[in-house]
Amino acid sequence: MTTTYAALLRGINVGGNKKLPMAELRTLLEGLGHDGVRTYLQSGQAVFASGHGDEESLAAELAEAIEKRFGFTVDVIVRDHAYLTAIADNCPFPAAELEGKQLHVTYYSAPVAEDRFADIDQVAYLPEEFRLGDRALYLYAPDGLGRSKLAAELSRPRLNKGLIATSRNWNTVLKLVELTGS
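About the criteria used
Residues numbered from 1 in each chain as written. Predicted model: local features only at pLDDT ≥ 70, side-chain atom pairs only at ≥ 80, totals over all residues. Heavy atoms only, no water. Axes fitted to C-alpha atoms, helices over the stretch in contact; angles between N-to-C directions. Helix = DSSP H or I, 4+ residues; strand = E, 2+ residues; numbered from the N terminus. Parallel < 35°, antiparallel > 145°, perpendicular 65-115°, else oblique. Left-handed = near helix turned anticlockwise from the far one by under 90°. Contact = heavy atoms within 4.5 Å. Nonpolar A, V, L, I, M, F, W, Y, C, P; charged D, E, K, R; others polar. Phe/Tyr/Trp six-rings, centres within 6.5 Å; stacked < 30°, edge-to-face > 60°. Lys NZ or Arg CZ within 6 Å of the ring centre and 35° of its normal. Buried < 20%, exposed > 50% of the residue type's maximum accessible area, 1.4 Å probe, protein only. Pairing = 2+ DSSP bridges.

Asks: Explain the packing of helix 1 (residues 22–31) against helix 2 (residues 55–70) here, please?
Replies: In a pair of packed helices, the angle between the axes and the distance between the axes together describe the arrangement. Contact geometry for helix 1 and helix 2: axes closest at 11 Å, N-to-C directions at 120 degrees. With respect to helix 2, the element helix 1 is oriented oblique. As for the relative orientation of helix 1 and helix 2, their crossing is right-handed in sense. Across the interface between the two elements, Glu-24, Leu-25, Leu-28 and Leu-29 from helix 1 touch Leu-62, Ala-65, Ile-66, Arg-69 and Phe-70 from helix 2. Counted by class, the contact of helix 1 with helix 2 contains seven nonpolar, no polar and two charged residues.

Here it is, written out as structure tokens:
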């Protein structure tokens, strides 16, 4: 049985660091035996179909192949269409009423317990807010991610210790649902 996945690569093609051309990423994924390979934007999203492996093993396989081919490590999270759809469908914020730059999802490599964020005084950051989901965190930042004080707090290493975490704006969240569903 073939499943369609999205690979989310963390921290590539940002500020001239870890340059990974999307054409080469597509070739690499095809070389790993995946079908229907497509990329989205330059910031590290690829969609592919695979009949072998699971999310964790596919992420590890891709991370290893990138390191071997390009000589640098990249954190990779792989999620299937059903998961991506559930993340979009279960958004605790009124996504249809917001601009894509106001809503973000941080995808985590493993489940995250609420107590990890217990020290954050959410009231101090209003109107910014966050909510946890299934291996994800939803962030409402009305002035965008670049101006968000809450986003800066949420990205502190102590809060993400032991996890791979990578964020996408709502437009990308929806596009990945669309691309993995077609």
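Asks: Looking at this structure, how should I read the packing of aromatic side chains?
Replies: The geometry of an aromatic ring pair is captured by the separation of the ring centres together with the interplanar angle, meaning the angle of the planes. Enumeration over the complete set of coordinates arrives at five aromatic pairs. Here the basic side chain of Arg-69 rests over the ring of Phe-70, its NZ or CZ set 4.7 Å away from the ring centre. The aromatic ring of Tyr-83 is capped on one face by Arg-79, whose charged end is 5.3 Å from the ring centroid.

Asks: Would you mind going over the pairing of strand 3 (residues 45–50) with me for this structure?
Replies: For strand 3, a buried count of six out of six residues is recorded, marking the element as mostly surrounded by other parts of the structure. Side chains of strand 3 alternate between two faces, with Gln-45, Val-47 and Ala-49 and Ala-46, Phe-48 and Ser-50 buried alike. Sheet analysis places strand 1 (residues 3–10) next to strand 3, joined by six bridges and oriented antiparallel. Directly across from Ala-6, in strand 3, lies its bridge partner Val-47. Where strand 2 (residues 35–40) and strand 3 come together, four bridges link them in antiparallel fashion. Opposite Tyr-40, over in strand 3, you have Gln-45 as the bridge partner. Where strand 2 hands over to strand 3, the hairpin turn is made up of four residues, of which Leu-41 adopts a positive phi near 60 degrees.

Asks: What am I meant to see in the sheet that holds strand 7 (residues 136–140) here?
Replies: The sheet built from four strands is open, its strands ordered 6-7-5-8 with antiparallel pairing. The open sheet has two free edges, formed respectively by strand 6 (129–133) and strand 8 (165–169), since each of these has just one partner strand. Put simply, the sheet's adjacent strands are angled 20 degrees from each other on average, direction ignored. As judged from the five bridges shared by strand 5 (residues 103–108) and strand 8, these two strands associate in the antiparallel manner. The residue of strand 8 that forms the bridge with His-104 is Asn-169. Across the face of the sheet, helix 6 (residues 170–181) comes into contact with strand 5, strand 7 and strand 8 while running at roughly 95 degrees to strand 8.

Asks: Please clarify how the pairing of strand 7 should be interpreted in this entry.
Replies: Across a regular strand the side chains alternate sides, sitting on one face of the sheet and then on the other. With respect to burial, strand 7 is a largely interior element, five of its five residues being buried. Of the two faces of strand 7, the one holding Ala-136, Tyr-138 and Tyr-140 and the one holding Leu-137 and Leu-139 are both buried throughout. Relative to strand 7, strand 5 is paired through five bridges, and the arrangement is antiparallel. Bridged to Thr-106 within strand 7 is Leu-137. Inspection of the sheet shows strand 6 paired to strand 7 by five bridges, in the antiparallel sense. Looking across to strand 7, one finds that Glu-129 is bridged to Tyr-140. Where strand 6 hands over to strand 7, the hairpin turn is made up of two residues, of which Arg-135 adopts a positive phi near 55 degrees.

Geometry only, nothing functional implied.
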